[in-house]
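Overview (structure and organization)
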Amino acid sequence: MTEYFEVIDRDGAARIGDLRLADSLTTPALLDDVLEEAGSLWSDEQAVPDGDESTLSVLPHRAFPAGTPAEVQAAFEPNYPDVAFPSAAVVSPETAADQGTDAYVLAGASGFTGHSAAFVEAITSTRESIPPDAGLYLPGIATPGNVATLAYIGADLFDTDRAVIRGTQGWYLTSDGEYRLDDLEELPCACEACQQRIETFDREDCVEHNVATLKAELRTVRNRIRQGRLRDYLEGQARHEQWLTATMRRLDDQYAYLEQRTPLVRKSEITAASAETLDRVEIQRFAERVTERYQCRFDTPLVLLPCSASKPYSDSQSHSQFQDAINFRAHVASMTSPIGVVPQELELTYPAQHYDSVVTGRWSATEVEFVADVLESYLEANDYPRVIAHIPEDYQAITERVEERLGETFEYTVTDHPTTDESLENLAATLAGEPKYRKRERQHNAIRAIADYQFGAGAGEAIFDDLQVESFHPKLRAKADNGEQLAAMVPEYGVLSLTLAGARRWIDSDVPTKRVEIDDFVPHGSVLAPGILDADESIRVGDEVVFEGPSALAVGRANMSGPEMAGSTRGIASDIRHVTER
Amino acid sequence: MSQPSPEVYERDRGMDAHNQVMREIRARNDASYEPDEPTKVWIDEDNTPDGVLDSLTIVLNTGGCRWARAGGCTMCGYVAESVEGGTVAHEDLLAQIDTALEQEREMHEGTCRQVKIYTSGSFLDEREVPAETRGAIAERFGDRDRIVVESLPDFVDREKIADFREQDLKTDVAIGLETATDRVRHDCINKYFDFADFEAACEEALAADAGVKAYLLMKPPFLSESEAIEDMISSIERCGAVDGCHTVSMNPTNVQRYTMVEQLYFDGGYRPPWLWSVVEVLSETADLDVTVVSDPVGHGSDRGPHNCGECDDRVQTAIKDFNLRQAESVFAQVECACERTWDGVRDRERSYSLPLAQ
C-alpha cells in the first residue's frame, strides 16, 4: 500500500507528487539527499533496514540489468518484506508488480536510455505494472536534456548521478543537449559555477553546473506540469536530441497509455507549433468524438468557415461578419489545424477554444490530410442538403480533396478573401430563401451536442429527452419539463456539469455511465482513493462521474482516471458537486 | 546439499535458469575446431615462488569443460574453443603438445623454465585428460623447473599431482575460484563449488607438496564497480589466508562471445571493470602475504577492462610492472582525469543503475 507517496496533480502521464518524508519532497525531484540503500542481494545477504521517516529506503534487492534473460529474473526475483517506513522496491520491466512499497526503482534504465523504442516499452510497461500512486525512480540517467521527457512518460524520481559523471568527463549539459567543454568558447549559463571566465572553468565546475542545471530544469518541468503544459514544452525542447523526439513520437503511438492519462479538459492553451501537435491525445480525441459521437440536429445547409485567431470563433470579428451574412439560415462548422472540424455547438469545448497555432497560410501536407480526413468522416456521418464553403484559397486544397473523395460538389462563395464585401454578399445571397432556425433550437442543439461529445453518441436525447433551456449562451442551464435542473454548461471548457437529477437520468439511460462504486460513507467535497471499491475503466480526468455507495449517490468531476482510482490507496480521486444520502 | 532447504532450492532454481540460458546462448555458436591443434600457445614472464621465470603457456584443446556443457559460467566463452562432440584422443592431445613445443622453439631461445597448461576446463579431470596422457605430458616436461595445471577443485587429488612431482617438477594447480564469496560465485557466475572445496583442494595440493594459484574474476555480472572491488579485496584476503595458496591471479572480466555477459553487454547492462579498479585492488592487497598478479585481457577495448581510452596503455603497463615487483609505488606515476570519473562511479553506481559510465 502506498503510504508515503501521493499524486497531487497530473498532466497526461506526468505528475506532481508528494514524497511524504519528514521533510516532504515535491516530485518530479532528485532523490540524492533522501535515499538510503539496504544493499544488493547479489553480493551478500542483507538485513531489512530499520528505516526512518526522513529517508526513502531501498529494500534489499536483486537488480536485473538490461539484457538479463527472463528465466534468470524469474529464478532470482526476491520477495520484499512489508515495512512501516518509506520504502522502495527494485524492479525491472519484466518483474514489475505491486510490492506494497511507496516507490519503485527501475533497474537497467541506463541500458534503455538512448533507444526510444526499448525505452518507451520499458517505462510504460513498468508504469502499468506498479500501483499508479507509487513513485517511479529512474536511477542514473537524468540529465537536463532528458528529464522533461522522463517526467512526461511518467517517471517521478531521479538523481544527479549521470549529471555528475558527465561533468567529470568534461561534458557540459544543458536543456538543449550536451557540449564538450573544450568546444565551448563562452559559458552560456547563469548558474553560480558559470560566473567566471571559461579559461578557469574546470571539470569540477562542470559538475556543479550540470547539477544546478538539472535542478533548474526540474523546476521548469514541475511548473509546466502544474500549468498543464509539459507537452507544449517538450514539442520544442525534445528537438535537441533525436532520441528524445523519437521517444515522444513513439509514446504518441502508445495511444492507449497516453489517452488514459490525458484529461478531458484543461484550463491552459495548447501551443500548436509543431507537426507532433496533431498527434496529441487532446487533438485526436476531439476529432474522434466529432466524427463518431457528434450528430448534427439542424436540417439546414452547412457553411464551412475558416477558423479565427481569437476564440471562441463566434467572438471574432470575422465570424461575427459571417454570422451576419448567414443569419441563422445554416449550420456552421469551422475548419482548422490542428483541431480538424469544429461544429458551432462545440466551439467552446476543449480544446476548440484552447489552442493557438502558427498562422502563415501555408498548410503542411500532414495538416491538409488530417483536416481532410476529419471533414470527410464528418460529412459521411452527417447529411446536409447543401455544403457551402466560405473559405480562403489556402483551405481549398482540403475541401477539393474531400469533394473528390465523396463525389460531392460544394458551393464556393469567396472571392479574394472571406471578409470582403463581395464574399459576404455571395454568402448571404447563396442562402436566400433558406428558412431561419430559432434560438431555442440552437440552444437545445448545443446542449445535446455537448452531451453526445461528453457522454457518448445519442446521449443528447437519452439524457435530455425533455428539455428546457434557461439563461444565455454560453452559460445555459438545462432543465426537465418539470422544471428540475439537469445540467449547466461550463463556459470555460464547453462541457456540461450534471445535477443529481441529471446523473439519475444518465444512470437510467442506455448511454454507458461512468460509475464509481464507493464504500459505505457519504462524501463531502471530495472522494479519496481509499474510499473507492471499483471504478469504470473509461473514466478520464475531467469526466463527469457518478458515485454510488450503500449510503450515498453523488456526482462530481474526476481528478483521476478510472484505473488510477481503482489502483490507488492515496489521493483525491474526485471533487463532489452534489451528494444525497440514501 | 544433503539437507533440502529453501536456500538450496532457490540456489538450484537460479542454477537451472543460468544453465538453461547459457546452453541456449552457446548453441548459437556453430564453429568447430581441429582436435590436434592447441587452442593457443604463448610465452611470457611469471612471478613465481622461485622468482620471475620465463613461462610457456599452452591452452590445450580438450573435450572442454564438463560444467560448461551443462550451461556453465556466465562469463566463460572458452567452451567455444573446445572440440565439438567431446573427448580428444590421447594421440591428438600429445600432438597438440608437440605443436606447442615446436612453437616454443620458434619463439624462444632454449626451453622455458615454467610450463602452464590450461584446458578451458580441468586438466586433472580424467574425462578430459586421461591418466595415461597426463603421465605422458608430465614426462614430456620433466626437464622444466615448474609446471602449472588448471583444474576445478573437485579433481585436485594428491595422486594425480604425484605424476608431476615424480618428474621433480615444482607444481602448482591453477584453480578458477573466481571469488571467495560463495554467493557471488553461485548466483552471479554460476560456478557450482564452494570456498570450502577450494580449501580442500589446497590441502590436497599441500599434501602432494604442490601449491595453488587461485584465479579470481574481477567484476562478475550483476555487481556494481564498488561491489566488485570489495569482493576482490576480501577474496584475496581470504585466499591469502589459506595454506598452500601462494599466488592469486586476478582476471578482470572481458566480454567473451556466446556468453550471458555478452548478452548483458549488448543490451547495455554490463561494462567490464575500470583498470583503476584493478589498480585499487592491487594497491589495497599489496601488503598481504600472497603474490597478487593481474593480466587484463583486452585492456583498453570496450569488451575488455578499460578506462577512458587515453590512459589505458599506461595503466596496463603499470599493472604488468606490479606483477613482477609487487610494489604499490608503480602506480604513483600514473594519473589521468578519468580517475575522477571512476571515483564518481565507485561512489554512485548501484547494481540497479549500472553501468553509470562507459
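Up top is the structure these notes are about.
Numbers given to residues run from 1 along each chain, matching the order in which its sequence is written. Chains carry letters from A onward and ligands carry numbers from 1 onward, assigned in written order. Totals for whole chains, interfaces and linings use all residues, but because this is a predicted model, local features are given only for residues with pLDDT of at least 70 and pairs of side-chain atoms are given and counted only at 80 or more. The side-chain numbers reported here are obtained from all heavy atoms of the structure, hydrogens and water having been left aside.

**Side note on the interface of chain A and chain B**
Working rule for contacts: check all heavy atoms of both residues, and any pair within 4.5 Å makes them a contact. On the side of chain B, 36 residues touch chain A, which itself brings 43 residues to the contact. The working definition used for a salt bridge is a side-chain nitrogen of Lys or Arg within 4 Å of a carboxyl oxygen of Asp or Glu. The partner of Arg350 of chain B in a salt bridge is Glu37 of chain A, with the nearest N and O atoms 3.1 Å apart. Here a polar contact is recorded for every N or O atom pair within 3.5 Å, except that within protein the pair must consist of a potential hydrogen donor and a potential acceptor, and residues adjacent in sequence are included only if both atoms are side-chain atoms. Summed over the shared surface of chain A and chain B, the number is 13 residue pairs in polar contact (both at pLDDT 80 or more). Runs of E in the DSSP output that reach at least two residues are strands. Runs of H or I that reach at least four are helices, and both are numbered from the N terminus. When contributions to the side of chain A that touches chain B are tallied by element, the ones reaching two or more residues are strand E5 (35-37), helix H1 (70-76), strand E8 (103-106), helix H2 (109-112), helix H5 (161-168) and helix H6 (203-227) of chain A. Amino acid classes used here: Ala, Val, Leu, Ile, Met, Phe, Trp, Tyr, Cys and Pro are nonpolar; Asp, Glu, Lys and Arg are charged; the rest, including Gly, are polar. For the side of chain A that touches chain B, the class distribution of residues is 21 nonpolar, twelve polar and ten charged.

**What about a negative patch on the surface?**
For patch building, the residue pool is restricted to those with more than 30% relative accessible area and no salt bridge; the joining distance is 9 Å between like charges and 5 Å between nonpolar side chains (Val, Leu, Ile, Met, Phe, Trp, Tyr). Accessible surface is estimated by sampling points in the Shrake-Rupley manner with a 1.4 Å probe; for residues, cover comes only from the protein chains shown. Asp and Glu count as negative and Lys and Arg as positive, but His and the ends of the chain are not part of the count. Each charge is placed at NZ for Lys, CZ for Arg, CG for Asp and CD for Glu. Taken together, the side chains of Glu517, Asp519, Asp520, Asp534 and Glu537 of chain A present a region of like negative charge at the surface. By secondary structure assignment, the location of Glu537 of chain A is in the loop between strand E26 (532-535) and strand E27 (544-548).

**Here's the deal with the packing of aromatic side chains**
Residues and elements named next belong to chain A. In this scheme Phe, Tyr and Trp rings, the latter by its six-membered ring, pair at centre separations within 6.5 Å, and the angle between planes marks the pair as stacked below 30 degrees, edge-to-face above 60, and tilted otherwise. Tallied over the full model, the rule gives 20 aromatic pairs over all chains. Relative to Tyr437, the ring of Phe328 has its centre 5.9 Å away and its plane inclined at 75°; by these criteria the two rings are edge-to-face. Remark: Tyr437 occurs in the loop between helix H14 (421-430) and helix H15 (439-455) and Phe328 occurs in the loop between helix H11 (317-326) and strand E15 (331-336); sequence separation between them is 109 residues. Throughout this description, buried means an accessible area under 20% of the type-specific maximum (1.4 Å probe, protein chains only), exposed means over 50%, and partly exposed covers the range between. Classification of Phe328 as partly exposed rests on a relative accessible area of 30%. Given a relative accessible area of 7%, Tyr437 falls into the buried group. Between Trp363 and Tyr395, the aromatic rings sit 4.9 Å apart at their centres with planes inclined by 75°, giving edge-to-face as the arrangement. With a gap of 32 residues between them, Trp363 in the loop between strand E17 (355-357) and helix H12 (365-381) and Tyr395 in the loop between strand E18 (387-389) and helix H13 (396-406) connect regions that are remote in the sequence. By relative accessible area, Tyr395 is classed as buried at 6%. Criterion for a charge above a ring: Lys NZ or Arg CZ within 6 Å of the ring centre, and within 35 degrees of the ring normal. A cation sits over an aromatic face here: Arg261 above Tyr257, 3.9 Å from the ring centre. Geometry around Tyr453 places Arg289 over its ring, the cationic atom sitting 5.4 Å from the centre.

**Remarks on the sheet that holds strand E7 (residues 245-252) of chain B**
All names here are of chain B. We treat two strands as partners when DSSP finds at least two bridges between them. The mixed open sheet is built from eight strands, whose spatial order is E1-E2-E3-E4-E5-E6-E7-E8. Every interior strand has two partners, whereas the edge strands, strand E1 (40-48) and strand E8 (291-293), have only one. Averaged over all pairs of adjacent strands, the angle between strand axes in this sheet comes to 25°, irrespective of strand direction. As paired elements, strand E4 (residues 146-150) and strand E5 (residues 170-178) share five bridges and run parallel to each other. Following the sheet pairing, Arg146 is matched in E5 by Lys170. A fitted line through C-alpha atoms serves as each axis, taken over the contacting stretch for helices, and the angle formed by two N-to-C directions is quoted from 0 to 180°.

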